Amino acid sequence: MEEARDYQVNLEVFQGPLDLLLFLIRKKKIDIHDIPIATITREYLAYLNQKAKINLEREGEFLLIAALLIYIKSQMLLPRESELEGEDDPRKILVDRLLDFQKIKAASTLLREKEGQQKRLWKRSAPPPLPIKQEVELVEVSVFELAEAFLSLMKRKEQENIRLIHGKEYSLEEKMKELIERLKENGYLDFREYFNSQESLEEALTSFFCLLELIKARVVIAVQESLFHPIKVWPTQGVPS
Amino acid sequence: MRTRLKDVIESLIFVSLEPLNLEKIKNICTEFSNSEIEEAIQELVESYVSNERGIQIIQAAGGYLFSTKSEHDQWIRRLLSLENKSKLSHAALETLATVAYHQPVTLAEISALRGVDASYSLKSLLQKKLVKITGRKKSPGRPLIYRTTDKFLTYFGLNNIKDLPSEEEILKILDEEKILD
Amino acid sequence: MRTRLKDVIESLIFVSLEPLNLEKIKNICTEFSNSEIEEAIQELVESYVSNERGIQIIQAAGGYLFSTKSEHDQWIRRLLSLENKSKLSHAALETLATVAYHQPVTLAEISALRGVDASYSLKSLLQKKLVKITGRKKSPGRPLIYRTTDKFLTYFGLNNIKDLPSEEEILKILDEEKILD
């Protein structure tokens with residue numbers, strides 16, 4: 001009765017069958033190198049019989065070790081000519097596993113201590129601010145480069161739209177409004193992203209002309225952080241970010 | 001005022017969010033010789049040991065990193081309004097210990113050593129980047145093999161994988177039966 | 001050793017991502033009086049001014065904050081660009097994965113697989129030498145074909161491209177959610 005309660009107390013901590021075996025060995029003060037297989041098998045099976053307490057997901061793993069125990073027990077019962085020792089001992093396979101596992105558990109204990117020490121040390125999760133404002137070195141993109149980038153995008157759009165019927169018309173004014181709205185909302189516009197979002201070649205063309213107008217009027221400025229970076233369009237002033 | 005190498009290195013370590021290793025420092029401070037750099041690091045680390053300050057330079061995963069001192073933990077947690085930082089689960093820690101001491105190792109080997117299926121905890125360790133896939137074993141089925149990462153070293157404050165608790169330390173724990181349950 | 005208030009405050013400023021103001025420090029260091037705190041801050045700030053170091057405590061937005069010094073700016077920039085160079089953006093990673101698993105592959109194929117134009121991230125991967133051009137496809141337009149490089153293998157710690165986990169293996173790793181551990 002008392003034993004059953006013992007198991008219950010420790011139930012949650014049995015991560016697996018090897019955990020349980022080690023617990024039984026320690027509890028019975030058994031020498032791990034000379035395990036009385038019959039006793040330990042009986043104890044182990046008694047635990048397994050308390051079905052309700054076994055996690056069903058883990059049951060197979062517990063049964064596997066039970067099978068191993070029973071196998072070893074049967075091997076021990078075979079008549080032999082000489083004393084069992086060393087490599088011939090059928091218990092060796094189990095003992096080796098338990099020793100390995102015991103070491104892993106001990107290592108876990110040591111790592112847990114180290115983890116605790118480290119958890120008390122705090123590191124920065126973000127870099128400190130630089131004394132000089134780290135402005136991105138923006139390169140102003142020429143209209144030519146812009147057009148070049150647009151051309152390649154247009155080519156793609158053309159391929160995509162080749163079979164689309166161009167029904168809808170886009171007014172310059174509407175597009176202009178839409179562009180300014182977008183700038184107000186996001187603070188900037190990703191050139192490629194924006195054109196990719198256009199539904200048809202015509203719409204993309206209309207948008208592009210609007211953008212050219214806005215650049216000419218210096219309402220917006222097209223910049224690149226550096227070569228090969230995406231081209232971004234920023235308002236020069238007046239458009240709150 | 002002349003720029004001192006020691007100060008440059010201090011600022012570099014300060015900016016870096018991960019341990020900054022000697023190799024990187026050398027790649028950045030190209031104006032200085034290797035011996036000058038090594039000397040400056042030495043001097044810097046010593047200045048933090050002798051100077052009692054609130055912050056320190058620690059060595060982890062082969063590099064240098066700033067951190068607070070453990071005795072200030074409670075105040076920092078008040079600032080960040082945090083309870084104790086979350087720790088690895090028992091299963092994850094056991095799996096991690098298995099990988100650390102048996103690497104390179106396969107999932108099947110880890111599961112056999114632990115006596116339970118370790119795939120779930122291995123997945124969480126992969127996601128936490130404490131463990132990585134580094135190839136395949138030349139055995140039937142060519143299973144993936146796993147190793148611990150640099151982040152693993154940093155996590156436990158180890159400078160090198162050789163700094164893992166030794167066999168003697170492990171045996172000592174076993175003698176004392178202080179094993180975590 | 002007695003914990004010194006000055007050191008506590010130093011560690012608080014260190015971990016704080018925003019300028020830490022006096023009010024907050026007082027709210028955290030409740031064991032100390034206001035005048036003690038003000039004195040300690042004074043002392044701390046002065047120690048950084050007089051002690052020539054690579055880092056400093058500055059006052060900004062009504063609070064205290066660690067920062068590097070402007071004379072070290074050029075080295076810090078080198079570090080940051082070095083770190084940026086070794087980092088992969090999410091888009092680049094996705095493109096790299098597409099190349100790795102579908103090689104030999106063309107830009108159009110990558111873009112189709114990712115659902116977005118991959119030319120920018122492909123260019124950055126070419127610059128990082130994680131991907132290389134290995135010829136042209138014998139199809140209309142004769143597009144360039146891409147493969148991963150040896151540097152790619154080194155980056156991910158693999159010996160051979162065949163060591164990459166297969167899609168089934170990755171799915172299996174990610175699909176073990178239900179198993180208790």
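Only a predicted model underlies this, so the values are computations on that prediction, with no experimental measurement involved.

Draft legend 1. Spatial organisation of the packing of helix 5 (residues 90-102) of chain B against helix 7 (residues 119-127) of chain B. All names here are of chain B. At their nearest, the axes of helix 5 and helix 7 sit 9 Å apart, and the two run at 80 degrees to each other. Classified by the angle between their axes, helix 5 and helix 7 sit roughly perpendicular to one another. Facing helix 5, whose interface residues are Ala91, Ala92, Thr95, Leu96 and Val99, helix 7 presents Ser121, Leu122, Ser124 and Leu125. Among the residues forming the contact of helix 5 with helix 7, the class breakdown is six nonpolar, three polar and no charged.

Draft legend 2. Up close: the interface of chain C and chain B. The partner chain B presents 54 residues to the 52 residues of chain C that form the contact. Summed over both sides, the interface of chain C with chain B buries roughly 4,700 Å², with 60% coming from carbon and sulfur. Viewed at the interface, chain B and chain C are joined by five salt bridges. When the shortest N-O distance is used, the salt bridge between C:Arg53 and B:Glu10 registers 3.0 Å. Put simply, chain C and chain B have 15 residue pairs in polar contact (both at pLDDT 80 or more) between them. If you list the elements that add at least two residues to the side of chain C that touches chain B, you get helix 1 (5-15), helix 2 (22-28), helix 3 (34-50), strand 3 (63-68), helix 4 (73-86) and helix 9 (167-174) of chain C. The element that contributes the greatest number of residues to the side of chain C that touches chain B is helix 4 of chain C, accounting for eight residues. Considered class by class, the residues forming the side of chain C that touches chain B number 24 nonpolar, 12 polar and 16 charged.

Draft legend 3. Quick look at helix 1 of chain C. The buried fraction of helix 1 of chain C is high, at 11 of 11 residues. The complete set of buried residues in helix 1 of chain C reads C:Leu5, C:Lys6, C:Asp7, C:Val8, C:Ile9, C:Glu10, C:Ser11, C:Leu12, C:Ile13, C:Phe14 and C:Val15.

Draft legend 4. Examining the sheet that holds strand 4 (residues 105-106) of chain C more closely. All names here are of chain C. Across the sheet, which stays open at both edges, the three strands sit in the order 4-6-5 with antiparallel pairing between neighbours. The two strands at the open ends of the sheet, each matched to only one other strand, are strand 4 and strand 5 (131-136). Direction of pairing for strand 4 relative to strand 6 (residues 144-148): antiparallel, over a ladder of two bridges. Across the sheet, the residue bridging to threonine 106 is isoleucine 145, located in strand 6. Sitting on the sheet, helix 5 (residues 90-102) is in contact with strand 4, strand 5 and strand 6, with an inclination near 95 degrees to strand 6.

Draft legend 5. Spotlight on the packing of helix 2 (residues 17-27) of chain A against helix 3 (residues 37-49) of chain A. Residue and element names in this part refer to chain A. In contact at an axis separation of 10 Å, helix 2 and helix 3 are set at 125 degrees when each is read in the N-to-C sense. Overall, the two elements helix 2 and helix 3 adopt an arrangement that is oblique. Helix 3 is crossed by helix 2, and the crossing has right-handed handedness. Here Pro17, Leu20, Leu21, Leu24 and Ile25 of helix 2 come into contact with helix 3, specifically with Ile40, Glu43, Tyr44 and Tyr47. Taken together, the residues of the contact of helix 2 with helix 3 break down into eight nonpolar, no polar and one charged.

Draft legend 6. Summary view of the domain arrangement of chain B. Residues and elements named next belong to chain B. Taken domain by domain, chain B consists of domain 1 (2-73) and domain 2 (90-180). Counting from both sides, the interface comprises seven residues of domain 1 and, opposite them, six residues of domain 2. Buried surface at the junction of domain 1 and domain 2, both sides included, amounts to about 410 Å², of which 53% is carbon and sulfur. Interface area lost by domain 1 to domain 2 is led by Gln59, Ala60 and Ala61, which between them contribute 76%. Scanning the region where domain 1 abuts domain 2 turns up zero salt bridges. Mapped by element, the contributors of at least two residues to the side of domain 1 that touches domain 2 are strand 2 (55-60) and strand 3 (63-68). Looking at the side of domain 1 that touches domain 2, its residues break down into four nonpolar, three polar and no charged.

Draft legend 7. The arrangement of the packing of aromatic side chains in detail. Under the counting rule described, the total for this entry stands at 11 aromatic pairs over all chains. Ring centres 6.2 Å apart and planes at 40 degrees place the aromatic pair A:Tyr47 and A:Phe62 in the tilted group. One end of the pair, A:Tyr47, is in helix 3; the other, A:Phe62, is in helix 4 (residues 56-77), with 15 residues separating them in the sequence. Look at B:Phe14 and C:Phe66: their rings are 5.4 Å apart centre to centre, the planes differ by 50 degrees, and that puts the pair in the tilted class. Remark: C:Phe66 occurs in strand 3 and B:Phe14 occurs in helix 1 (residues 5-15); the pair is interchain, linking two chains. Overall, C:Phe66 belongs to the buried group, its relative accessible area being 0%. Grouping aromatic residues by their ring pairs yields a cluster made of B:Phe14, B:Tyr48, B:Phe66, C:Phe14, C:Tyr48 and C:Phe66. The side chain of A:Arg124 reaches across the aromatic face of C:Phe14, ending 5.6 Å from its centre.

Draft legend 8. The arrangement of the sheet that holds strand 3 of chain B in detail. Overall, antiparallel pairing links the three strands, which are arranged 1-3-2 (chain B) in an open sheet. Of all the strands in the sheet, the pair left with one neighbour each is strand 1 (20-21) and strand 2 of chain B. Looking at chain direction, strand 1 of chain B and strand 3 of chain B are connected through two bridges and run antiparallel. Paired with B:Asn21 across the bridge in strand 3 of chain B is B:Gly63. Each of strand 2 and strand 3 of chain B touches helix 1 of chain C; the most contacted strand, strand 3 of chain B, lies at about 115 degrees to it.

Draft legend 9. Here's a closer look at the pattern of salt bridges. Enumeration according to the criterion identifies 24 salt bridges over all chains in this entry. Within the structure, one salt-bridge network assembled from shared partners comprises A:Asp34, A:Asp89 and A:Arg91.

Draft legend 10. Local environment of empty space enclosed by the protein. Under the counting rule described, the total for this entry stands at four cavities of 30 Å³ or more. For the lining of the largest cavity, the elements supplying multiple residues, two or more each, are helix 1 and strand 3 of chain B.

Draft legend 11. Just helix 3 (residues 34-50) of chain B, in detail. If you check helix 3 of chain B, its first and last C-alpha atoms are 24 Å apart, about what 17 residues at 1.5 Å a residue would give, namely 24 Å. Among the residues of helix 3 of chain B, those classed as buried are B:Ile37, B:Ala40, B:Ile41, B:Leu44, B:Ser47 and B:Tyr48. Taken around the axis of helix 3 of chain B, the buried residues stretch over an arc of 130 degrees, which confines them to a single face. Those residues of helix 3 of chain B that are exposed and angled more than 90 degrees off the buried face are B:Glu39, B:Val49 and B:Ser50. On its buried side, helix 3 of chain B packs onto helix 1, helix 2 (22-28), strand 2 and strand 3 of chain B together with strand 2 (55-60) of chain C.

Analysis parameters
- Residues numbered from 1 in each chain as written.
- Chains lettered and ligands numbered in written order.
- Predicted model: local features only at pLDDT ≥ 70, side-chain atom pairs only at ≥ 80, totals over all residues.
- Heavy atoms only, no water.
- Axes fitted to C-alpha atoms, helices over the stretch in contact; angles between N-to-C directions.
- Helix = DSSP H or I, 4+ residues; strand = E, 2+ residues; numbered from the N terminus.
- Parallel < 35°, antiparallel > 145°, perpendicular 65-115°, else oblique.
- Contact = heavy atoms within 4.5 Å.
- Nonpolar A, V, L, I, M, F, W, Y, C, P; charged D, E, K, R; others polar.
- Buried area = accessible area lost by both parts, 1.4 Å probe.
- Salt bridge = Lys/Arg side-chain N within 4 Å of Asp/Glu carboxyl O.
- Polar contact = N/O pair within 3.5 Å; in protein donor to acceptor, adjacent residues only side chain to side chain.
- Buried < 20%, exposed > 50% of the residue type's maximum accessible area, 1.4 Å probe, protein only.
- Pairing = 2+ DSSP bridges.
- Left-handed = near helix turned anticlockwise from the far one by under 90°.
- Domains from an automatic or database assignment.
- Phe/Tyr/Trp six-rings, centres within 6.5 Å; stacked < 30°, edge-to-face > 60°.
- Lys NZ or Arg CZ within 6 Å of the ring centre and 35° of its normal.
- 1 Å grid on protein atoms, 1.4 Å probe; cavity = no way out; pocket = protein on both sides within 12 Å on 5 of 7 lines; lining within 4 Å.
- Points joined across faces, edges and corners; volume = space filled by probe spheres on them.
- Expected span 1.5 Å × (residues − 1).
- Arc of directions from axis to C-beta.

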